Amino acid sequence: MDSITHSTGTITPDIIDGYRGSREARTLTHTVLGKQSPDITLRRAGLRSGRLSLVFGAEGDARAAEEVLALPQVLTLVPDDRTTLNMTFVVAGGSIDTTLDDVTRDAWIVDVPFQEVLL
């Protein structure tokens, strides 16, 4: 089962319904007048950032997750079957959105922005 651990416990969504991650390319290019090729400063790409969509079958569980995700803390994502998504992260770079699923009108979706961090 997918889980997100935090300072006082664990969030366990029914499913991670969405993941969108990207890494900022940090290599710099410098145009030099009279030179065909730019000068470059090679730099490693940044850590992942993006959004996670967490689905909960109960409104109370979604609300509790939203409250935990709103706290200033470091969290750890431990997906059950997608090991490439393992990461330590903070909530940053946007808003935490909670919506009632349009199709089922029963499930709740908590969409959260993340920034991966290294400890």
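Residues numbered from 1 in each chain as written. Predicted model: local features only at pLDDT ≥ 70, side-chain atom pairs only at ≥ 80, totals over all residues. Heavy atoms only, no water.

Draft legend 1. Representation of the confidence of the model for the protein in the model. Predicted confidence across the protein gives a mean pLDDT of 94, with 100% of residues reaching 70 or more. By mean pLDDT, the top-scoring element of the protein is strand 10 (residues 108–116) (98), and the lowest-scoring one is strand 3 (residues 15–23) (93). (pLDDT = per-residue confidence, 0-100. Helix = DSSP H or I, 4+ residues; strand = E, 2+ residues; numbered from the N terminus.)

Draft legend 2. Here's a closer look at the packing of aromatic side chains. Under the defined criterion, the tally for this structure stands at two aromatic pairs. Ring geometry for Y19 and F114: centres 5.7 Å apart, planes at 20 degrees, overall stacked. With Y19 in strand 3 and F114 in strand 10, the pair connects residues that are 95 residues apart, well separated along the chain. F114 gets classed as buried once you look at its relative accessible area, which sits at 1%. Summarising the aromatic geometry, the rings of F89 and F114 are spaced 6.3 Å apart at their centres and angled 75 degrees between planes, so their arrangement reads as edge-to-face. With F89 in strand 8 (residues 87–91) and F114 in strand 10, this residue pair connects regions lying 25 residues apart in the sequence. Members of the aromatic cluster, connected to one another through ring pairs, are Y19, F89 and F114. (Phe/Tyr/Trp six-rings, centres within 6.5 Å; stacked < 30°, edge-to-face > 60°. Buried < 20%, exposed > 50% of the residue type's maximum accessible area, 1.4 Å probe, protein only.)

Draft legend 3. Quick peek at the pairing of strand 10. Counting buried positions along strand 10 gives eight out of nine residues, so the element sits mostly inside the fold. Pairing geometry for strand 6 (residues 48–56) and strand 10, over eight bridges, is antiparallel. Counted as the bridge partner of G50 is F114 from strand 10. Two strands pair when backbone bridges link them, and strand 9 (residues 97–100) and strand 10 are joined in this way by four bridges, in the antiparallel orientation. When the bridges of strand 10 are listed, L100 appears paired with W108. (Pairing = 2+ DSSP bridges.)

Draft legend 4. Broad picture of the pattern of salt bridges. In the structure shown here, the tally under the stated rule is nine salt bridges. Across the pair D39 and K35 runs a salt bridge, and its minimum N-O distance is 2.5 Å. Of the residues examined, K35 reaches a relative accessible area of 42% and is grouped as partly exposed. Two residues, D81 and R82, come together in a salt bridge whose shortest N-O distance is 3.6 Å. (Salt bridge = Lys/Arg side-chain N within 4 Å of Asp/Glu carboxyl O.)

Draft legend 5. Local environment of the nonpolar core. If you look at the biggest cluster of nonpolar residues, it comprises 19 residues, and the most contacted ones within it are L52, L77 and F89. For this core, the secondary structure elements donating two or more residues are strand 6, helix 1 (59–69), strand 7 (75–78), strand 8 and strand 10. The residues contacting L77, other than those within four sequence positions of it, are S3, I4, I16, L52, L85, N86, M87 and F89. (Core = buried A, V, L, I, M, F, W, Y, C linked by side-chain atoms within 4.5 Å. Contact = heavy atoms within 4.5 Å.)

Draft legend 6. Layout of the side chain of T88. Examined against the element boundaries, T88 turns out to sit in strand 8. Setting aside residues no more than four positions away along its own chain, T88 makes contact with V74, L75, T76, Q115, E116, V117 and L119.

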